[in-house]
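Fold and geometry: a report
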Amino acid sequence: QVQLVESGGGLVQAGGSLRLSCVASGRIWTNDAMGWFRQNAGKEREFVAGIAWQYPYTLYSDSVKGRFTISVDNHRRTVYLQMNNLQPEDTAAYYCGTDREACSGSICKIENTPEHYRYWGQGTQVTVSS
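Presented here is a report on the structure given in the accompanying data block. Everything numeric in this text was worked out from a predicted model, so none of it was measured.

With that settled, the discussion passes to the state of the cysteines. Overall, the coordinates contain 2 disulfides when judged by the stated rule. One disulfide bridge connects Cys-22 with Cys-96, the sulfur atoms lying 2.0 Å from each other. Here the disulfide of Cys-22 and Cys-96 is right-handed, its torsion about the S-S bond being about 65°. Of this pair, Cys-22 sits in strand 3 (residues 18-26) while Cys-96 sits in strand 9 (residues 92-99), placing them 74 residues apart in sequence.

Right, let's get into the pattern of salt bridges. The final tally for this structure, using the stated rule, is 7 salt bridges. Residues Arg-100 and Asp-32 are paired through a salt bridge, measuring 3.1 Å at the closest nitrogen-oxygen approach. Taken together, the positions of Arg-100 in the loop between strand 9 and strand 10 (103-104) and Asp-32 in the loop between strand 3 and strand 4 (33-39) put the pair 68 residues apart, joining distant regions of the chain. Between Arg-38 and Asp-90 there is a salt bridge, with the nearest N and O atoms lying 2.9 Å from each other.

Procedures and definitions
Residues numbered from 1 in each chain as written. Predicted model: local features only at pLDDT ≥ 70, side-chain atom pairs only at ≥ 80, totals over all residues. Heavy atoms only, no water. Disulfide = S-S within 2.5 Å. Helix = DSSP H or I, 4+ residues; strand = E, 2+ residues; numbered from the N terminus. Salt bridge = Lys/Arg side-chain N within 4 Å of Asp/Glu carboxyl O.

Here's what the structure looks like:
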């Protein structure tokens, strides 16, 4: 089991920034990857960004590329999502998830569908006002 706790959400004006954190406990393996997803009521969970714990693989959705940056601190067991130039369409509950089958050896594939992620946190709300 992996336990994930997100934090850092809040209310921000358009053009502002937030930094989300996801702290992982339990067993983390070198072939794991982490993903950030977001979801609004009545809609599907949408991929935002993903990163491998151990290897230099990242993936971003087109809607956030150039504005958001995902990073990992292995010592702190924490994945971050730095969100800059936030826009109202970024408003959502943000979730982090763990993909246990991302890597084979040093080769990783970051998946962009929620079905690949086995463990999830409870989410943190991001609201961007105009």
